[in-house]
Amino acid sequence: MSHSPEAGIENKSYRDGWIAVHRMIRQGKSWSGRERHSAFLNTGGARFADVSAVAGIDLQADGRALARVDWDQDGGIDFWTSNRNAPRVHLFRNRRADGNHWVQLDLVGSGGNRDAIGARVEVVPRDAAGELRYVKTLHAGEGFLSQSSKTMHFGLGAAEAIERVIVRWPGAGEEVFEGVQIDRRQVLGQGSGAAQALPARAVALASSTPDAPRASGRGRVALAAPLPMPRMLYAQADTTASLVPIAFEPGRAVLVNLWASWCANCRKELDAFHEHAAELDAAGVDVLALSVDEEAERPAALKFLADLGWGEASGWAPSELLDVLRTAEEEVLDPLRELALPTSFLLSGTGRLVAIYRGPVEVETLVRDAALIDLDALALRDAVVPFPGRWVGPTPVADLLTFANRLRDRGHLALAADYLARLGPRNPEGGGDEATRSLAQSLVLLGADLTRDGLLPTALETYKRAVALDAELALAHQGIGIVLSELREDARAIRALQRARGLDPKDARTPYLVGVILARGERFVEAIAAFDQSLSLNPKNVKAHFNRGAVFSKQGRVDQAIEAIRKARTIEPAYLQAHRAEAQILHARKRLPEALNAYRSALALQPNHAGTLVAFGVAQVEIGDRAGALRTLQRLMPLDANLAAQLQAEISRVR
Amino acid sequence: MQVLRRSALTLSFLLPWGCSGDDGTQPPQTESGESGQDLAVVPGQKERIALNKIAYKYDYLDPEQDGWNTEVLAAKVKEHLHRIEEALHNPHEIEASDLAAVATGDFTCTNLTGKLSGADYDAGGIVVVRGAFPSGPLEGTGAAVLAAAVVEFADQYTEEVQAHFRVVRIDAPELGADFTTDLRLELSGRTASGRGQQTAEWSCTWRPVVGEDLPRLAAIVPTLHESVIAKSETGEPLFEDCTEAVLAGDESYAAQLLRSQRDSATELDKELGMAFRGNFGLAVGDVNGDRRDDLYVCMEGGLPNRLYVQQEDGTARDVAAEAGLDYLDRSRSVLFVDLDDDGDQDCVVSTYPVTIHENVGEGRFERRAEAPLANVYSMASADFDQDGDLDLYLCRYNAHGTDLPLPYHDANNGLDNVLLRNEGSWKFADATQAIGLDDNNERFSFAASWVDYDDDGDLDLYVANDYGRNNLYKNTRGTFHDAAAEAGAEDISAGMSVCWGDANADGRSDLYVSNMFSPAGNRIAFQRNFREGDDADLASFQRHARGNSLFVNQGDGTFVDTSVDAGVTMARWAWGSIFSDLNNDGLEDLYAVNGFITNEDTGDL
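These numbers were taken from a predicted model, which means no experiment stands behind them. (Residues numbered from 1 in each chain as written. Chains lettered and ligands numbered in written order. Predicted model: local features only at pLDDT ≥ 70, side-chain atom pairs only at ≥ 80, totals over all residues. Heavy atoms only, no water.)

Participant: Just to check I follow, could you spell out the sheet that holds strand β23 (residues 460-466) of chain B for this structure?
Facilitator: Backbone-to-backbone hydrogen bonds pair the strands of a sheet. The strands run either parallel or antiparallel. Residues and elements named next belong to chain B. As summarised here, the arrangement of the 4 strands in space is β22-β23-β24-β25, forming an open sheet in which the pairing is antiparallel. Strands with a single pairing partner mark the edges of an open sheet, and in this sheet they are β22 (444-451) and β25 (479-482). Taken pair by pair, the neighbouring strands of this sheet meet at an average axis angle of 25 degrees, ignoring direction. As judged from the 7 bridges shared by β22 and β23, these two strands associate in the antiparallel manner. When the bridges of β23 are listed, A448 appears paired with V463. (Pairing = 2+ DSSP bridges. Helix = DSSP H or I, 4+ residues; strand = E, 2+ residues; numbered from the N terminus. Axes fitted to C-alpha atoms, helices over the stretch in contact; angles between N-to-C directions.)

Participant: Help me understand the pairing of strand β28 (residues 549-553) of chain B in this model?
Facilitator: Residue and element names in this part refer to chain B. Counted residue by residue, β28 has 5 buried out of 5 residues, so it is predominantly covered. In β28, alternate side chains face the same way, and those of S549, F551 and N553 on one face and L550 and V552 on the other are all buried. Examined bridge by bridge, strand β27 (residues 510-514) and β28 share 3 bridges and lie antiparallel to one another. By the bridge assignment for β28, L511 is matched with F551. One ladder, built from 3 bridges, connects β28 with strand β29 (residues 559-561); its direction is antiparallel. Bridged to F551 within β29 is D561. The turn joining β28 and β29, which pair antiparallel and follow one another in sequence, is formed by 5 residues; a positive phi near 85 degrees is taken by G555. (Buried < 20%, exposed > 50% of the residue type's maximum accessible area, 1.4 Å probe, protein only.)

Participant: Is there a simple way to think about unusual backbone geometry in this case?
Facilitator: The general pattern is negative phi for most residues beyond glycine and trans for most peptide bonds. For the bond from L341 of chain A to P342 of chain A, the omega torsion is -5 degrees, close enough to zero to count as cis. Within the secondary structure, P342 of chain A is located in the loop between β21 (340-341) and β22 (343-347). Residue P134 of chain B is reached from F133 of chain B by a cis peptide bond, and omega for that bond is 5 degrees. Within the secondary structure layout, P134 of chain B lies in the loop between β4 (126-130) and α5 (143-154). The backbone of R96 of chain A shows a phi angle near 55 degrees, a positive value even though the residue is not glycine. Mapped onto the secondary structure, R96 of chain A falls in the loop between β5 (89-94) and β6 (101-108).

Participant: Which parts of the structure should I look at to understand the packing of aromatic side chains?
Facilitator: The geometry of an aromatic ring pair is captured by two quantities: the separation of the ring centres and the angle between the planes. All names here are of chain B. Tallying each qualifying case throughout the model produces 32 aromatic pairs over all chains. Relative to W202, the ring of F153 has its centre 5.8 Å away and its plane inclined at 70 degrees; by these criteria the two rings are edge-to-face. Of this pair, F153 sits in helix α5 while W202 is found in strand β7 (residues 194-207), placing the two residues 49 residues apart along the sequence. Classification of F153 by relative accessible area gives buried; the value is 2%. Taking relative accessible area as the criterion, W202 reaches 3% and is therefore assigned buried. (Phe/Tyr/Trp six-rings, centres within 6.5 Å; stacked < 30°, edge-to-face > 60°.)

Participant: Is there a simple way to explain the interface of chain A and chain B in this structure?
Facilitator: Interfaces are often sized by the amount of accessible area the parts lose when they come together. Facing 218 residues of chain A, the contacting portion of chain B comprises 232 residues. Interface of chain A and chain B: buried area, both sides summed, is about 20,000 Å²; carbon and sulfur atoms make up 55% of it. Inspection of the chain A/chain B interface yields 10 salt bridges. For R168 of chain A, the salt bridge identified is with D452 of chain B, shortest N-O distance 3.9 Å. Between chain A and chain B we count 100 residue pairs in polar contact (both at pLDDT 80 or more) in total. (Contact = heavy atoms within 4.5 Å. Buried area = accessible area lost by both parts, 1.4 Å probe. Salt bridge = Lys/Arg side-chain N within 4 Å of Asp/Glu carboxyl O. Polar contact = N/O pair within 3.5 Å; in protein donor to acceptor, adjacent residues only side chain to side chain.)

Participant: Honestly, helix α12 (residues 456-469) of chain A in this entry has me stumped. Any pointers?
Facilitator: In an α-helix, one full turn covers 3.6 residues, which means residues spaced three or four apart are oriented alike. End to end, α12 of chain A covers 20 Å across 14 residues, agreeing with the expected 20 Å (1.5 Å per residue, within 8%). Every buried residue of α12 of chain A is listed here: L456, A459, L460, T462, Y463, R465, A466, V467 and L469 of chain A. (Expected span 1.5 Å × (residues − 1).)

Participant: Explain the state of the cysteines to me, please; I cannot follow it from the model alone.
Facilitator: Throughout this description, disulfide means a covalent bond between two cysteine sulfur atoms. Within the structure shown, the criterion is met by 1 disulfide over all chains. For C109 of chain B, which is in no disulfide, the shortest distance to another cysteine sulfur is to C204 of chain B and amounts to 9.3 Å. (Disulfide = S-S within 2.5 Å.)

Participant: Any chance you could explain the domain arrangement of chain A here in plain terms?
Facilitator: Residue and element names in this part refer to chain A. Split into domains, chain A comes out as domain 1 (40-92), domain 2 (101-197) and domain 3 (219-384). For domain 1 versus domain 2, the separation of C-alpha centres amounts to 22 Å. Between domain 1 and domain 2, the contact holds 12 residues from the first and 11 residues from the second. Carbon and sulfur atoms supply 50% of the area buried between domain 1 and domain 2, which totals about 860 Å² over both sides. When residues of domain 1 are sorted by the area they lose upon contact with domain 2, R64, R68 and G75 head the list and together hold 46% of the total. The interface formed by domain 1 and domain 2 includes 1 salt bridge. (Domains from an automatic or database assignment.)

Participant: What exactly am I supposed to notice about the packing of helix α3 (residues 264-275) of chain A against helix α5 (residues 298-308) of chain A here?
Facilitator: Packed helix pairs are specified by the crossing angle of their axes together with the interaxial distance, meaning the distance between the axes. Residue and element names in this part refer to chain A. The N-to-C vectors of α3 and α5 enclose an angle of 30 degrees; their axes lie 11 Å apart at closest approach. Here α3 lies roughly parallel to α5, going by the angle between them. Pair α3 / α5 crosses with right-handed handedness. Between α3 and α5, the contacting residues are R267, L270, D271 and H274 on the first element and F304, L305 and L308 on the second. Taken together, the residues of the contact of α3 with α5 break down into 4 nonpolar, 1 polar and 2 charged. (Parallel < 35°, antiparallel > 145°, perpendicular 65-115°, else oblique. Left-handed = near helix turned anticlockwise from the far one by under 90°. Nonpolar A, V, L, I, M, F, W, Y, C, P; charged D, E, K, R; others polar.)

Participant: Sorry if this is basic, but what is going on with the pattern of salt bridges here?
Facilitator: Any two side chains of opposite charge can pair if their charged atoms end up close together. According to the stated counting rule, one finds 76 salt bridges over all chains in the structure shown. Among the salt bridges present, the one from R523 of chain A reaches E526 of chain A, with a minimum N-O distance of 3.0 Å. Between R469 of chain B and E490 of chain B there is a salt bridge whose closest N-O contact spans 2.8 Å. Of this pair, R469 of chain B sits in the loop between β23 and β24 (471-476) while E490 of chain B sits in the loop between α10 (484-487) and β26 (497-501), and the two are 21 residues apart along the sequence. We classify R469 of chain B as partly exposed; its relative accessible area is 22%. Bridged by salt links that share partners, the residues R23, E330, E331, R406 and R410 of chain A form one connected network.

Participant: Is there a simple way to think about the environment of V244 of chain A in this case?
Facilitator: Residue and element names in this part refer to chain A. Residue position: V244 is located in strand β17 (residues 243-245). Sequence separation of V244 and L233 is 11 residues, and the distance between their C-alpha atoms is 5.3 Å. Apart from residues no more than four positions distant in its own chain, V244 is found in contact with M232, L233, Y234 and Q236.

Participant: What is the right way to read the sheet that holds strand β1 (residues 38-42) of chain A from this model?
Facilitator: Across the sheet, 4 strands lie side by side as β2(A)-β1(A)-β31(B)-β30(B); this open sheet has antiparallel pairing. Edge strands, defined here as strands with exactly one partner in the open sheet, are β2 (48-50) of chain A together with β30 (574-580) of chain B. Neighbour-to-neighbour, the strand axes of the sheet open up by a mean angle of 20 degrees, direction not taken into account. Pairing geometry for β30 of chain B and strand β31 (residues 589-594) of chain B, over 5 bridges, is antiparallel. Residue pairing across strands places S580 of chain B opposite D589 of chain B, the latter belonging to β31 of chain B.

Participant: What am I meant to see in the nonpolar core here?
Facilitator: The nonpolar side chains of soluble globular proteins are, as a tendency, buried together. W80, M229, F273 and L353 of chain A are the most contacted members of the largest nonpolar core, which totals 222 residues. Element by element, the count of residues in this core is highest for helix α21 (residues 610-623) of chain A, at 8 residues. Lining this core are residues from two domains, each supplying at least three of them: domain 1 (40-92) and domain 3 (219-384) of chain A. Beyond its immediate chain neighbours, meaning those up to four positions away, L353 of chain A contacts L223, P226, L227, M229, A328, V332, F345, L346 and L347 of chain A. Formed by 41 residues, the second largest nonpolar core is a distinct cluster that contains A116 and A140 of chain A together with A369 and W426 of chain B. (Core = buried A, V, L, I, M, F, W, Y, C linked by side-chain atoms within 4.5 Å.)

This is the structure:
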């Protein structure tokens with residue numbers, strides 16, 4: 001399915017592979033779907049024949065559980081199965097086409113467990129010709145998530161009668177039952193020695209092929225734990241189109257309705273909202289109609305609202321808001337879908353998401369759902385499910401952290417940072433130390449993304465909040481060091497990194513980063529020491545080798561520079577920069593044959609790199625290989641006219 | 001790590017040479033999503049930003065992308081196979097010209113049905129015939145001989161013909177050269193005497209042709225042919241679907257059971273425990289002592305579990321609410337067992353916390369105990385210590401927050417399974433460690449089942465684990481150790497379920513374990529460039545996708561894996577499987593249900 005990681009190591013590629021698999025499934029991709037159930041007929045003990053189709057139990061559904069039972073008590077084994085598809089269960093009835101004999105036994109233990117679970121039963125038919133034995137154990141739980149009937153069923157083929165039944169009771173010895181009747185269901189009581197027959201039953205069940213109605217794609221989901229929403233900005237429908245936040249008022253709900261002028265369902269729905277404005281108002285629901293119309297369609301949208309006499313708020317939905325709403329739906333529902341038109345989001349007076357409606361929503365539903373806002377957690381949980389029932393577990397809690405991480409992964413870093421800021425210093429939704437640690441780790445990941453995007457002050461703020469939650473989180477201090485280094489606050493950066501190193505002395509990255517800062521400040525000796533430290537923790541860090549070489553080169557220690565850079569490319573032979581750097585150092589020192597070789601290896605990795613080609617050509621000129629330089633020139637010409645001209649000048653100059 | 005990359009760039013400014021960015025940009029990702037049937041969608045809402053970080057993985061998993069030579073070839077081969085499937089559907093109308101574009105001019109094949117010598121099985125109206133191979137070559141070459149072979153193969157069917165090829169394996173050294181595929185053909189339909197089905201396995205050679213996009217079939221060498229006829233005057237199969245006869249009269253059927261998991265998941269907050277990949281079980285038991293078996297159905301969070309009590313006429317009525325078992329919490333499995341030795345069926349539901357109920361009569365259950373154990377999958381009960389009461393073994397899967405199996409083919413970072421010892425008076429104690437069941441107990445466990453495999457008078461336990469090796473806990477006077485390796489029954493693959501039964505009717509308990517047979521997985525695993533230079537890993541990947549396993553008990557504490565010879569591996573991506581005598585001939589047959597996720601998208605991976 002995916003790359004396997006090395007044992008015990010969290011491999012990013014491997015994790016991403018799983019994330020991709022899960023997302024594909026959530027988005028509607030099939031994965032080993034449309035498979036037919038399998039049945040294998042035992043053709044003599046050693047080999048089985050595939051009889052899935054002739055048996056007629058080759059259901060094409062995503063099967064899960066499977067239990068054996070003679071439901072209609074006609075002497076043939078039937079099956080209940082469960083699956084993901086509709087209907088969620090199937091009963092396959094054995095049509096008893098075989099004409100063979102059978103016996104069914106209900107065991108009653110005494111002394112041991114009364115269910116006689118674990119009992120081993122052997123049926124010995126009279127005049128049994130073959131060597132086949134009929135032995136079974138009584139199980140409670142087998143297969144997958146399944147328990148089969150406790151009535152033990154034995155097929156007996158052509159046998160006409162039963163000689164005896166031997167029961168090895170759990171924890172006790174064997175007991176022999178005689179006079180057990182064939183083709184009947186009987187009770188065997190431990191210690192009774194005699195079988196007690198049960199009355200026969202006659203049940204007639206009609207067969208049919210269940211057909212589930214196709215889902216409409218419309219629907220409502222009400223949240224069991226209303227989700228606090230991040231900042232939501234929409235564009236006003238006036239000439240300024242300026243962005244304003246959706247406003248909330250305690251005690252009033254806001255229905256954010258996404259619509260478009262070209263969407264008939266949307267227009268009809270707005271019409272209904274308008275007509276029932278008084279009812280909605282009385283229920284405390286304010287509608288905010290946000291159009292997703294493109295620029296060209298906006299006049300039509302405005303005209304529609306004007307013609308309607310729309311008196312409620314309206315505007316345009318910018319892409320950030322659409323992303324936020326889409327992310328919220330992703331947070332609430334397992335299936336991932338594109339936002340439909342219309343879709344409406346019911347938000348409480350405190351800005352929490354209460355319900356999502358895909359497709360047009362009835363005013364009556366909105367009035368009913370507005371009442372959800374005032375319910376406590378227990379009552380709300382009961383109100384959001386379609387059937388009554390009982391609960392034993394705790395009420396769900398909105399997973400703000402995951403929501404923030406989703407915003408981050410969608411690239412809304414500032415929104416995510418702002419959203420997470422509301423959570424600290426402790427997650428107000430509860431969760432204890434583990435939740436606090438998760439929050440701190442999320443902040444660190446967010447900080448890294450912010451740093452990458454150059455949002456340095458926010459990144460610094462974010463890392464500091466992580467430290468406030470967990471002062472000993474080395475990666476947070478490391479992140480602070482990186483941001484400060486970017487801000488050229490080298491002294492403070494190094495102090496932060498030293499703190500990180502104190503907390504996690506085994507992280508090779510920390511001294512490496514210190515080395516980079518020191519090198520930049522031309523503190524070459526200390527830089528080399530820092531790179532050495534990093535390499536002692538992770539000798540395979542090619543960049544540490546490379547940068548160590550760079551520093552040696554700055555110091556004029558050519559041999560050491562070359563040695564360090566060669567280490568980098570030994571570890572990673574495709575490390576292009578290392579080959580190029582080696583060539584350039586050697587070239588600068590006029591060690592031309594060696595330089596030419598290094599250029600050649602760089603060009604072997606990337607034959608059309610103009611910068612390398614021109615340097616290579618110059619070195620060829622310098623060593624007197626005019627023919628070679630001309631060939632290089634020919635390669636260079638189609639790649640970069642300017643550099644080619646320079647090389648040509650160089651060649652001409654020597655002539 | 002982003003941080004690292006940025007820092008490296010920082011240093012490059014001070015270096016005497018330039019350092020260009022070496023990270024490739026990822027191509028934009030597009031994919032289809034479901035939309036409501038009659039609803040428009042907001043424009044421009046295709047998945048975008050969130051996926052950039054993992055877009056390369058989408059590409060990686062896309063068979064059309066680079067690196068999966070076998071998947072590209074499989075797609076091409078399938079186009080031709082569809083033509084042969086069509087021909088099989090109408091064998092009486094087939095002409096050589098229909099297959100002219102499929103076969104090379106010098107196409108050859110040997111007799112597809114093999115050498116026949118009497119029936120391998122003939123009892124109770126079922127006849128099984130297998131051909132012997134190698135078989136002799138057919139006369140002639142080219143499309144004509146292919147057409148003739150196909151006609152011979154399929155002309156016994158009169159109607160309802162179903163033909164389906166599966167590409168099991170592709171050996172493709174490089175694009176542009178001849179390559180071979182292992183195919184499995186499943187063919188079935190009505191025959192003059194009843195209903196028939198054939199299973200065939202062919203090794204096919206394909207040859208690229210200059211100027212043509214699709215390679216042509218150059219040769220077929222059959223390796224298996226198995227034909228089954230179930231005699232029946234009406235042509236009906238051995239089983240019929242009676243779901244609606246039993247359940248449709250209960251209002252929960254249309255309201256709840258006729259909705260798929262995915263449909264339910266579009267209307268329920270997933271924080272309630274709703275998931276549409278979900279695995280939810282069932283139990284059959286007699287909950288009211290009327291000698292009729294009843295059915296309990298587990299449901300994902302937000303939907304109530306149902307207890308269908310069988311009526312005299314075979315129909316069933318949901319009484320979960322009256323019984324006190326209508327849990328809305330996510331419930332993966334359920335057991336009905338007599339825990340207090342009073343002669344009725346008590347009930348354990350794998351909610352969180354796990355709930356244990358006493359049957360108090362008159363169809364009611366009262367909760368007597370709770371166990372704060374999360375993520376419980378299958379449960380299995382037995383009196384392991386022979387103290388007269390039933391104990392409970394609970395399988396658990398991934399630990400909270402660690403959903404990644406590590407390493408994939410032998411994961412050892414799952415959640416520990418738990419044995420709850422029945423202490424009487426509705427008290428249960430975690431005895432896992434005390435009795436040695438903590439041995440090798442950090443797996444992703446799906447299922448377990450008890451049996452006395454070594455015939456020493458106490459019950460042993462087999463545990464099927466996803467992503468790796470299984471456990472066989474041998475019971476020695478109430479203490480256990482994992483004997484799977486010494487018994488030869490580790491079955492290192494994606495274990496989904498386990499059942500015991502006497503497959504060879506010698507009186508000893510054999511073992512059948514459900515695994516994952518993934519056609520794509522199988523092909524990809526066999527591809528030479530899947531895992532360069534790591535033969536051990538490659539072998540384990542291949543084993544992972546082999547399919548179900550049958551282990552035959554040797555009577556000396558060891559097992560022999562006879563899965564392939566017995567012909568029981570190909571149960572696809574299997575979940576539940578059990579031994580069961582389908583036709584009352586006294587031999588244990590097998591039934592396995594399968595299929596991972598069927599979604600709207602038809603391009604199955």
